[in-house]
Amino acid sequence: MNLPEHVVKNRDAWTSTSGDWVAPGRKSWETDVITWGIWELPESEVQALGDLAQIKGLDVVELGCGTAYFSAWMAKLGANPVGIDITAAQLETARAFQAEFDLHFPLIEASAEEVPLPDASFDFAISEYGASIWCDPTKWIPEATRLLRPGGVLVFLRNSTLGSLTAIADGPSGSELVRDYHSIDRMEWDNPPTVEFQMPHGKLIRLLRANGFEIEDLVEVFPPADAVENRYDYITLEWAKKWPSEEIWRVRKRAG
Ligand SMILES: C[S@@+](CC[C@H](N)C(=O)[O-])C[C@H]1O[C@@H](n2cnc3c(N)ncnc32)[C@H](O)[C@@H]1O
């Protein structure tokens, strides 16, 4: 595989930190309750996936699946998921969970910017902090549309624009805009070295539409009323109560 520099950097970072995701991954594999993001906002409240009874039988691809708990949730609803991830160590954990929970579906080691699967082979594409932040949107969004059948749905979760504009290297976001708007397109971090993508809204809408998607929903995520401080150091509960810390996009590939 001849991978771009950002993909190699991100893969190396996920290889070195994969051990940190085993315990949280198991917690998500253990439950049937679908939640979103760092505040574990229930899907019953978010309703980004639509009618869960309609998921049964759908072909679902998860782009940047990590420990693959989201794919496992889809499998429990009767879908046929396929997990794509660039990091072998993450897929090893996912395979161990498949054995532990006796729930099996294909896992493919590949970049979500170049997926070795045929055109129009899925009804649903999902990315929860996977391709949605670690891949170049000008590469992974065309891949998502290629993989989807006409009328297929893409749902992805990423950080919020405000969160990215206020993000600092070693500590939580504050109330100051520390980055200029255009720089969040591509953000380089040091510890460990990673490249993160947060295309601003206007550009992203244009990109999605140019790739045949219509926007159905954009959920700006606030913590539920009973939320407690999360285990990540980049956003505090106090901050997230005032401003959206995450966003969930639901878009549909035009039928014709
Ligand atoms: C935060 S995890 C997302 C999985 C899961 N939803 C979670 O939150 O744990 C990010 C995943 O994206 C994967 N990733 C990073 N760059 C990727 C790429 N170019 N193609 C596919 N997966 C990628 C990483 O290996 C990692 O497993």
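Up top is the structure these notes are about.
Residues numbered from 1 in each chain as written. Predicted model: local features only at pLDDT ≥ 70, side-chain atom pairs only at ≥ 80, totals over all residues. Heavy atoms only, no water.

Draft legend 1. Representation of the pairing of strand β3 (residues 59-63) within the structure. Among the five residues that make up β3, four are buried, leaving the element largely enclosed by the rest of the structure. Taken together, the five bridges between β3 and strand β4 (residues 80-85) define a ladder with parallel strand orientation. Among the inter-strand pairings, V60 is bridged to a residue of β4, identified as P81. Note on the crossover from β3 through helix α4 (residues 69-76) to β4: the handedness is right-handed. Relative to strand β6 (residues 122-128), β3 is paired through three bridges, and the arrangement is parallel. Bridged to E62 within β6 is I126. (Buried < 20%, exposed > 50% of the residue type's maximum accessible area, 1.4 Å probe, protein only. Helix = DSSP H or I, 4+ residues; strand = E, 2+ residues; numbered from the N terminus. Pairing = 2+ DSSP bridges. Right-handed = clockwise from strand over helix to strand, strands pointing away.)

Draft legend 2. Spatial organisation of the side chain of N10. Relative to the elements of secondary structure, N10 occurs in helix α1 (residues 5-17). Residues contacting N10, with those up to four places away along its chain left out, are W134, T194 and V195. (Contact = heavy atoms within 4.5 Å.)

Draft legend 3. The site of the ligand, seen in detail. Y69, D85, T87, A112 and E128 are the nearest of the 18 residues found near the ligand. Burial of the ligand by the protein amounts to 96% of the accessible area it has alone, namely 580 Å². Of the residues belonging to the shell around the ligand, the class tally is 10 nonpolar, six polar and two charged. (Near = heavy atom within 4 Å. Areas by Shrake-Rupley, 256 points an atom, 1.4 Å probe, with all protein chains shown as cover. Nonpolar A, V, L, I, M, F, W, Y, C, P; charged D, E, K, R; others polar.)

Draft legend 4. Up close: the packing of helix α2 (residues 22-30) against helix α5 (residues 88-101). It is at 11 Å that the axes of α2 and α5 come closest, and there the two elements cross at 40°. Considering how the two elements wind past one another, α2 and α5 form a crossing that is right-handed. Residues V22, G25, R26, W29 and E30 of α2 touch α5, and the partners they reach there are T93, A94, F97, Q98, E100 and F101. (Axes fitted to C-alpha atoms, helices over the stretch in contact; angles between N-to-C directions. Left-handed = near helix turned anticlockwise from the far one by under 90°.)

Draft legend 5. Structural view of helix α9 (residues 201-210). Every buried residue of α9 is accounted for by L204, L207 and L208. On an axial view of α9, the arc spanned by its buried residues comes to 100°, and they lie on one face. In α9, those exposed residues whose orientation departs by more than 90 degrees from the buried face are R206 and A210. At its buried positions, α9 is contacted by α7 (137-147), β7 (148-159), β10 (213-221) and β11 (246-253). Looking one or two residues past α9, G212 carries a phi angle of roughly 85°, positive in sign. (Arc of directions from axis to C-beta.)

Draft legend 6. Quick look at the sheet that holds β6. Read across the open sheet, the seven strands follow the order β5-β4-β3-β6-β7-β11-β10; overall the sheet is mixed. The outermost strands of the open sheet, each flanked by one partner alone, are β5 (107-109) and β10. For this sheet the average axis-to-axis angle between neighbouring strands, irrespective of direction, equals 15°. The strands touched by α4 within the sheet are β3, β4 and β6, with β4 carrying the most contacts at an inclination of about 170°. The strands that α9 touches are β7, β10 and β11; relative to β10, the one it contacts most, it runs at about 145°.

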